[in-house]
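Survey of secondary and tertiary structure
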Amino acid sequence: MINPYTHHRAVGMLPTFGLDRMRPAFFPPEKVPQALDALAVGQADKLLVAPQGVAAAQR
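The following paragraphs examine the structure supplied in this document.

Rules and cut-offs
Residues numbered from 1 in each chain as written. Predicted model: local features only at pLDDT ≥ 70, side-chain atom pairs only at ≥ 80, totals over all residues. Heavy atoms only, no water. Salt bridge = Lys/Arg side-chain N within 4 Å of Asp/Glu carboxyl O. Helix = DSSP H or I, 4+ residues; strand = E, 2+ residues; numbered from the N terminus. Buried < 20%, exposed > 50% of the residue type's maximum accessible area, 1.4 Å probe, protein only. Core = buried A, V, L, I, M, F, W, Y, C linked by side-chain atoms within 4.5 Å. Contact = heavy atoms within 4.5 Å. Pairing = 2+ DSSP bridges. Right-handed = clockwise from strand over helix to strand, strands pointing away.

1. Quick word on the pattern of salt bridges
With the rule as written, the count across this model stands at one salt bridge. Among the ionic pairs, Arg23 bridges to Asp45, the shortest N-O distance being 3.1 Å. On the criterion of sequence distance, the pair formed by Arg23 in the loop between helix H1 (7-13) and strand S1 (24-27) and Asp45 in the loop between helix H2 (32-40) and strand S2 (46-49) is long-range, its members being 22 residues apart. Classification of Arg23 by relative accessible area gives partly exposed; the value is 40%.

Quick look at the structure:
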């Protein structure tokens, strides 16, 4: 349920979170262990598992 009195303020705060600096990493399902390793050592901030392939997910 969306609170109609605070939703617009919450959306307005998104630019302050530095989301543009996040380092995403794309992995196929068979490389999930390597994806978790990349996250653990700080090589990525966000992991995306791409069942249809990495190239398709990056579009």
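Structure's up, so let's keep going.
2. Points about the nonpolar core
One finds Ala25, Phe27, Ala35, Ala38 and Ala44 forming the largest nonpolar core, which totals five residues. Secondary-structure elements contributing two or more residues to this core are S1 and H2. The contacts of Phe27, once residues within four sequence positions are left out, are Gln34, Ala35, Ala38, Leu47, Leu48, Val49, Ala50 and Val54.

3. With respect to the pairing of S2
The pairing of S1 with S2 spans four bridges and is classified as parallel. Among the inter-strand pairings, Phe27 is bridged to a residue of S2, identified as Val49. Since S1 and S2 lie parallel, the crossover through H2 that links them has a hand, and here it is right-handed.

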